[in-house]
Amino acid sequence: QVQLVESGGGLVQAGGSLKLSCAASGRTFSTYAMGWFRQAPGKEREFVAAISRSGGRTYYVDSVKGRFTISRDNGQNTVYLQMNSLTPEDTAVYYCAVRIRTDYGLAYVLNSDYDYWGQGTQVTVSS
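This one's a predicted model, so the numbers in the text were calculated from it and none came from an experiment. (Residues numbered from 1 in each chain as written. Predicted model: local features only at pLDDT ≥ 70, side-chain atom pairs only at ≥ 80, totals over all residues. Heavy atoms only, no water.)

A.B. asks: Break down empty space enclosed by the protein for me, citing the residues and quoting the values.
C.D. replies: One pass over the structure, following the stated rule, counts one cavity of 30 Å³ or more. Roughly 60 Å³ of internal volume is contained in the largest cavity. A33, A50, I51, S52, R53, R57, Y59, D103, G105, L106, Y108 and Y114 are the residues that line the largest cavity. Here the residues of the lining of the largest cavity are counted per class, giving seven nonpolar, two polar and three charged. (1 Å grid on protein atoms, 1.4 Å probe; cavity = no way out; pocket = protein on both sides within 12 Å on 5 of 7 lines; lining within 4 Å. Points joined across faces, edges and corners; volume = space filled by probe spheres on them. Nonpolar A, V, L, I, M, F, W, Y, C, P; charged D, E, K, R; others polar.)

Below you can see the structure in the form of structure tokens.
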């Protein structure tokens, strides 16, 4: 079992930036694909970004391309989400997720692609 702990959320004005972190337990972090999702009030949890085990491949939902950057530090067992040019539409609870089952090198963009989830961190963007 892998435990994930997100941090870095908060309240920011439109146009501002935040950097989310997700620390993972375990000694095999570098073997796991990771992802970030978000859930706004009254909406389903949606994919935001994903990163391959080595960090060499990244994937984004269209609405955040050019504004968000996912990265990872395998030595620190941590994945990051740098969010720039935030808008009120980015307001949501952000979750990180880990896939521990077989990695086929695909773009994992579905909730069902992941095995464990963090508790979430609130991001609120004011207009």
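A.B. asks: Describe the state of the cysteines, with residues and values.
C.D. replies: According to the stated counting rule, one finds one disulfide in the structure shown. Each sulfur of the disulfide joining C22 and C96 lies 1.9 Å from the other. Handedness of the C22-C96 disulfide follows from its S-S torsion of about 45 degrees: it is right-handed. Separated by 74 residues along the polypeptide, C22 in strand 3 (residues 18-24) and C96 in strand 9 (residues 92-99) bring together distant segments of the chain. (Disulfide = S-S within 2.5 Å. Helix = DSSP H or I, 4+ residues; strand = E, 2+ residues; numbered from the N terminus.)

A.B. asks: With reference to specific residues and values, describe the side chain of S21.
C.D. replies: In this fold, S21 is placed in strand 3. A residue is classified by how much of its surface remains accessible, and S21, at 19% relative accessible area, is buried. (Buried < 20%, exposed > 50% of the residue type's maximum accessible area, 1.4 Å probe, protein only.)

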